[in-house]
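A structural walkthrough
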Amino acid sequence: MATAMSVSAVTPAAAAVARPRTMVCVPATARAPREMAEELAAAAALGADVAELRLDCLAGFAPRRDLPVILAKPRPLPALVTYRPKWEGGEYEGDDESRFEALLLAMELGAEYVDVEFKVADKFMKLISGKKPDNCKLIVSSHNYENTPSSEELANLVAQIQATGADIVKIATTATEIVDVAKMFQILVHCQEKQVPIIGLVMNDRGFISRVLCPKYGGFLTFGSLKKGKESAPAQPTAADLINVYNIRQIGPDTKVFGIIGKPVGHSKSPILHNEAFRSVGSNAVYVPFLVDDLAKFLNTYSSPDFAGFSCTIPHKEAAVRCCDEVDPIARDIGAVNTIVRRPDGKLVGYNTDYVGAISAIEDGIRASEQTDSDTSPLAGRLFVVIGAGGAGKALAYGAKEKGARVVIANRTFARAQELGNLIGGPALTLADLENYHPEEGMILANTTAIGMHPNVNETPLSKQALKSYAVVFDAVYTPKETRLLREAAECGATVVSGLEMFIRQAMGQFEHFTGMPAPDSLMRDIVLTKT
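An unreviewed UniProt entry lists the chain under the name shikimate dehydrogenase (NADP(+)), from Sorghum bicolor.

The following block contains the structure:
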């Protein structure tokens, strides 16, 4: 990985250099002026620092009639006025002259910030020559909806935008892979060193971390929507999540970054859980979702010690074994890593907390519903069917075998089931075979696949008829909290164990690896049960 694309060499500007706090800006996208003014007030109530008034969203907008309503003083927040044309991703389809006149009027009415596109910035500067009020800052923006150019191209773009006379540079690009965001972080640091105010964001799910971590690298502001469904750009978080989940006010140059690596990853509740846990112990850390296509490339790119630890989920748990410099012996035996810690020397160490989390949850579920011998595991001697042969399947199979269970592997692809079956010394079946597999009563079933996960909540790996042979059913899926599999298993009279239990327990193990401190058990359990 070329250094130019890696954040290993990127160090956030020193905290000793005084810098303003990164602001949270809420876009107001209402169709009517009074509603837009109400959105500005709602943004203030959320704790935002500034509101972006998207004039191009207004239906039948008449500047001289509507702007005095929207910009009426006293305003609850400073206003950033944007009138985005269709050719730059907005809704305005008219000529530039009318648009420029509206922006000039917004300046005269006291707007604190006005945004104009780089492509027409020179034309706009000529129009407002000598007319821009001192208290109004001009943002000159460039939006790239295709990709993220190289660091060199981005640096050249910054210089070109500065040359227009911009007070603040804004560059928004699109991530084709998560490593693109590293280029934007480099530009933020470059501008911080040069004392150039910049808004630098990378759009879509793979660019999400740019919106949360920009305070670490000195970004001028980040955008958060008023609520879900009111986003003004792809993968924009809500302002409430930025402030309350990611604790964006506390993110600075020295903040350690942790997160969950997966594909998909948007469903994960881990950020809610770990960020609250970090906050409870006073840790200067943030936990974010990383949507990753290529694990090795990601780890090579984000190789700074500040990227201090990662949770690994589908489909990267097995690749993580190969990417780590050292792997805990149990994780190596399982063949899957769900926790990666970067040591101070830069070495990556892999662990597996899935198997303890899941097996202990199943054992406790059985103990609560059956008379068991306290000296041995309630899994000992039981037939234990694992659905799935991926990282979680390997962890469950290994853990169950260690407890003395007779393990059977079922998978859509028979070859993968057979591969894992050979590893743990158990038979292999296809999912179709499993429908008619009931050699004995009182079996245990553990689903480790994503079947039934949101949004595919009506799917189930096994029919209700087939579930009648099982005394205990565990589902690693925890979104939704009650999957179809668990609901139908309960209807058949089985003891059911939710994936939430595994999630809570494996997360506690991860927290301890990340921080070296005991996990706040009751707090983490309470968060999962009440906030996720």
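Having seen it, we continue.
**With respect to the sheet that holds strand 5 (residues 137-143)**
An order of 7-6-5-4-3-2-1-8 is seen for the eight strands of this open sheet, with the pairing classed as parallel. This sheet does not close on itself; its edge strands, each paired only once, are strand 7 (198-203) and strand 8 (221-223). Averaged over neighbouring strand pairs, the angle between their axes works out to 25 degrees when direction is ignored.

**Quick notes on the domain arrangement of the chain**
Assigned domains of the chain: these are domain 1 (23-252), domain 2 (271-351) and domain 3 (355-497). Averaged C-alpha coordinates put domain 2 and domain 3 at centres separated by 27 Å. Contact residues are listed per partner, giving eight residues for domain 2 and 10 residues for domain 3. At the boundary of domain 2 with domain 3, total buried surface from both sides reaches about 710 Å², with 62% on carbon and sulfur atoms. The largest per-residue losses of area from domain 2 upon contact with domain 3 belong to Glu318, Ile330 and Ile334, which jointly make up 64% of the total buried on that side. Where domain 2 touches domain 3, the interface holds two salt bridges. When the shortest N-O distance is used, the salt bridge between Lys394 and Glu318 registers 2.9 Å. If you look at where domain 2 meets domain 3, you find two residue pairs in polar contact (both at pLDDT 80 or more). Listing elements by their share of the side of domain 2 that touches domain 3, those giving two or more residues are helix 11 (317-323) and helix 12 (329-334). Sort the elements by how many residues they give to the side of domain 2 that touches domain 3 and helix 12 lands first, with three residues. Counted by class, the side of domain 2 that touches domain 3 contains four nonpolar, one polar and three charged residues.

**Thoughts on unusual backbone geometry**
Among all residues except glycine, the phi angle is most often negative; among peptide bonds, the trans geometry is most common. Of the consecutive residues Lys263 and Pro264, the connecting peptide bond is found in the cis state with omega at 10 degrees. Position of Pro264 among the secondary structure elements: in the loop between strand 9 (256-262) and helix 9 (270-280). The step from His454 to Pro455 runs through a cis peptide bond, and the omega angle for that step is 10 degrees. Mapped onto the secondary structure, Pro455 falls in the loop between strand 18 (443-447) and helix 17 (464-467). Of note in this structure, Ala235 is not a glycine but carries a positive phi near 65 degrees. Take Ala235: it is sitting in the loop between strand 8 and helix 8 (239-245). Residue class for Ala235 comes out partly exposed when judged on its relative accessible area of 23%. Residue Asn247 is not a glycine yet carries a positive backbone phi of 50 degrees. Note on placement: Asn247 falls in the loop between helix 8 and strand 9.

**A closer look at the packing of aromatic side chains**
Working definition: an aromatic ring pair is given by the centre-to-centre distance plus the angle between the planes. Inspection of the entire model under this criterion finds 16 aromatic pairs. Pairing Phe290 with Phe310 gives two aromatic rings, centres 5.8 Å apart and planes at 65 degrees, and the pair type is edge-to-face. In this pair, Phe290 is assigned in strand 10 (residues 285-291) and Phe310 in strand 11 (residues 307-312), connecting sequence segments 20 residues apart. Grouping residues by exposure puts Phe290 and Phe310 together as buried. Look at Tyr478 and Phe503: their rings are 4.4 Å apart centre to centre, the planes differ by 20 degrees, and that puts the pair in the stacked class.

**What about the pairing of strand 3 (residues 79-82)?**
Of the two faces of strand 3, the one carrying Ala79 and Val81 and the one carrying Leu80 and Thr82 are both buried. Across four bridges, the pairing between strand 2 (residues 50-54) and strand 3 is parallel. Across the sheet, residue Ala51 finds its bridge partner in strand 3, namely Ala79. Handedness of the crossover joining strand 2 and strand 3 through helix 2 (residues 63-70): right-handed. At this point the chain moves from strand 3, through helix 3 (residues 96-108), to the parallel strand 4 (residues 113-117), and the crossover so formed is right-handed.

**Points about helix 6 (residues 180-194)**
Compared with an ideal rise of 1.5 Å per residue, which puts 15 residues at 21 Å, helix 6 spans 22 Å between its outermost C-alpha atoms and is within 8% of the ideal. In terms of burial, helix 6 is largely enclosed, as 12 of its 15 residues are buried. Of all the positions in helix 6, only Asp180, Val181, Ala182, Lys183, Met184, Phe185, Gln186, Ile187, Leu188, Val189, Cys191 and Gln192 are classed as buried. Along its buried surface, helix 6 packs onto helix 5 (151-163), strand 6 (168-174), strand 7, helix 7 (208-217), helix 10 (295-301) and strand 11. Downstream of helix 6 by a residue or two, Gln195 has a phi angle that is positive, lying close to 60 degrees.

**A look at the sheet that holds strand 17 (residues 428-430)**
By definition, the strands of a sheet pair up through backbone hydrogen bonds, in either a parallel or an antiparallel sense. Strands sit in the order 17-16-15-18-19-20 across an open sheet of six strands; the sheet is parallel. The open sheet terminates on both sides in strands that have one partner only, identified here as strand 17 and strand 20 (495-497). On average, each strand axis in the sheet is tilted by 20 degrees relative to the strand beside it, whichever way the strands run. For strand 16 (residues 406-411) and strand 17, the ladder comprises three bridges, and the chain directions are parallel. If you follow Ile409 over to strand 17, its bridge partner there is Ala428. Across the sheet, helix 14 (residues 391-402) lies against strand 15 (383-387), strand 16, strand 18 and strand 19 (470-475), angled at about 170 degrees from strand 15, the strand it touches most.

**Here we look at the pattern of salt bridges**
In total, this model carries 37 salt bridges according to the counting rule given. Across the salt bridge formed by Asp56 and Arg54, the nearest N and O atoms sit 2.8 Å from each other. Given the relative accessible area of 6%, Asp56 is considered buried. Through salt bridges with shared partners, a single ionic network connects Arg84, Asp96, Arg99, Asp115, Glu117 and Lys123.

**Some words on the environment of Ser270**
Secondary-structure assignment places Ser270 in helix 9. Residue Ser270 is classed as buried on the basis of its relative accessible area, which comes to 3%. Sequence separation between Ser270 and Arg382 is 112 residues; the distance between their C-alpha atoms is 32 Å. With residues near it in sequence (within four places) discarded, Ser270 still touches Ile260, Asn275, Tyr287 and Phe503.

Rules behind the numbers
Each chain has its residues counted from 1, following the order in which its sequence is written. With pLDDT at 70 or above as the cut-off, local features in this predicted model cover only qualifying residues; side-chain atom pairs require 80 or more to be listed or tallied, and sums for whole chains, interfaces and linings still use all residues. The basis for the side-chain values is all heavy atoms of the structure; hydrogens and waters are excluded. For two strands to be treated as a pair, DSSP must find at least two bridges joining them. Here a strand is any run of E in DSSP of at least two residues, a helix any run of H or I of at least four, and the numbering for each starts at the N terminus. Here the axes come from fitting lines to C-alpha atoms, over the contacting stretch only for helices, and the angles between their N-to-C directions go from 0 to 180 degrees. Start and end points for every domain follow an automatic or database-based domain assignment. Throughout, a contact is declared for two residues whenever any of their heavy atoms are within 4.5 Å. Defined here as a combined quantity, buried area equals the accessible surface (1.4 Å probe) lost by two parts on assembly, summed across both. Just to be clear on terms, a salt bridge is a Lys or Arg side-chain nitrogen sitting within 4 Å of an Asp or Glu carboxyl oxygen. Two N or O atoms count as a polar contact when they lie within 3.5 Å, although within protein this holds only if one can serve as hydrogen donor and the other as acceptor, and sequence-adjacent residues are included solely when both atoms are side-chain atoms. When residues are sorted by character, Ala, Val, Leu, Ile, Met, Phe, Trp, Tyr, Cys and Pro go into the nonpolar class, Asp, Glu, Lys and Arg into the charged class, and all the rest, Gly among them, into the polar class. The classification of residues rests on relative accessible area computed with a 1.4 Å probe and restricted to protein chains. Under 20% of the type maximum is buried, over 50% is exposed, and intermediate values are partly exposed. The aromatic pairing rule takes the rings of Phe, Tyr and Trp, using the six-membered ring of Trp, and pairs them if the centres are within 6.5 Å, calling planes under 30 degrees apart stacked, those over 60 edge-to-face and the rest tilted. By convention a crossover is right-handed if, when the strands point away from the viewer, the path from the first strand over the helix to the second runs clockwise. Each residue after the first adds 1.5 Å to the expected span of a helix.

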